[in-house]
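Listed below are the residues making up each chain.
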Amino acid sequence: MSERPEAIDPDVDLHVPDQRAETAGAEKWPVLAAISAGGALGASARYGLALAWPVPTGGFPWSTLLINVLGCALIGVLMPLISEGGRRAHHLVRPFLGVGVLGGFTTFSTYAVEVSRLLARQQAGLAMAYAAGTLLGALGAVWLAATATRRVLAARTGAEYGVRTP
């Protein structure tokens, strides 16, 4: 039984040669640099949006909900564009945009803190609605965006991307 190398991020599919190479020796340093640069951009964008739309004391965290749903929708657009239908993007596009920018933009930690704050204020119903709404909104956004992107790609290329076009 052969041992498989362990990925440096959970988005790496070790069955895909280009992604497997991301974890090997000196190849990982450009990947880590791309993730770091993208993460700085994504986190800065999230911070800017949070400053533009702050959560009032005792208010509902709409900005974090929007950030997480928007980030999931964007990943739903990105992945079919760079990895499906025979398309191959530069090997640093996915780590930079997917893991870095969108990973830095979305925020599970702030989401968890805001659920905790709502619970501390004895707003259990609102906390659970926010927790479930974010989960459903994020999953729905990635699915809808990926499906729509695949349909657009199929219509443009005449290829089948797992969806039927009318």
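The rules behind the values
- Residues numbered from 1 in each chain as written.
- Predicted model: local features only at pLDDT ≥ 70, side-chain atom pairs only at ≥ 80, totals over all residues.
- Heavy atoms only, no water.
- UniProt positions renumbered as here; feature names shortened; annotations may be inferred.
- Patch = residues over 30% accessible without salt bridge, like charges linked within 9 Å, V, L, I, M, F, W, Y side chains within 5 Å.
- Areas by Shrake-Rupley, 256 points an atom, 1.4 Å probe, with all protein chains shown as cover.
- Salt bridge = Lys/Arg side-chain N within 4 Å of Asp/Glu carboxyl O.
- Helix = DSSP H or I, 4+ residues; strand = E, 2+ residues; numbered from the N terminus.
- Buried < 20%, exposed > 50% of the residue type's maximum accessible area, 1.4 Å probe, protein only.
- Contact = heavy atoms within 4.5 Å.
- Core = buried A, V, L, I, M, F, W, Y, C linked by side-chain atoms within 4.5 Å.

Within an unreviewed UniProt entry, the label attached to the chain reads Fluoride-specific ion channel FluC, and the organism entered is Streptomyces melanogenes. For the record of the chain, the UniProt heading Catalytic activity (unreviewed entry) holds the text "fluoride(in) = fluoride(out)". UniProt, in its Subcellular location (unreviewed entry) section for the chain, records the words "Cell membrane".

J.: Explanation requested: a nonpolar patch on the surface in the structure shown.
T.: The grouping of W53, W62, L66, L70 and L74 at the surface amounts to a nonpolar patch, some 470 Å² of accessible area in total. Topologically, L74 is positioned in helix 3 (residues 62-83). L74 sits in the partly exposed class, given a relative accessible area of 40%.

J.: Help me out: how do you make sense of the UniProt feature "binding site: Na(+)" (unreviewed entry) in the chain in this one?
T.: Per the UniProt record, "binding site: Na(+)" (unreviewed entry) is annotated on G103 and T106. Here G103 shows up in helix 4 (residues 93-105). For G103, a relative accessible area of 38% gives the class partly exposed. Along the polypeptide, T106 turns up in the loop between helix 4 and helix 5 (108-120). If sequence neighbours within four positions are ignored, T106 has contacts with R46, I67, N68, G71 and C72.

J.: When you look at the nonpolar core in this model, what are you seeing that I'm missing?
T.: Note that soluble globular proteins tend to have their nonpolar side chains buried in a common cluster. Counting 8 residues, the largest nonpolar core is built from F60, L65, Y111, V115, L118, A127, Y130 and A131. Elements with a contribution of two residues or more to this core: helix 5 and helix 6 (124-157).

J.: Please explain the pattern of salt bridges as it appears in this structure.
T.: Two side chains with opposite charge may pair up if their charged atoms get near one another. All chains considered together, the criterion is met by 1 salt bridge. Ionic pairing is found between E84 and R150, a salt bridge with its closest N-O pair at 2.7 Å. Pair noted here: E84 is in the loop between helix 3 and helix 4 and R150 is in helix 6, with a separation of 66 residues, a long-range link.

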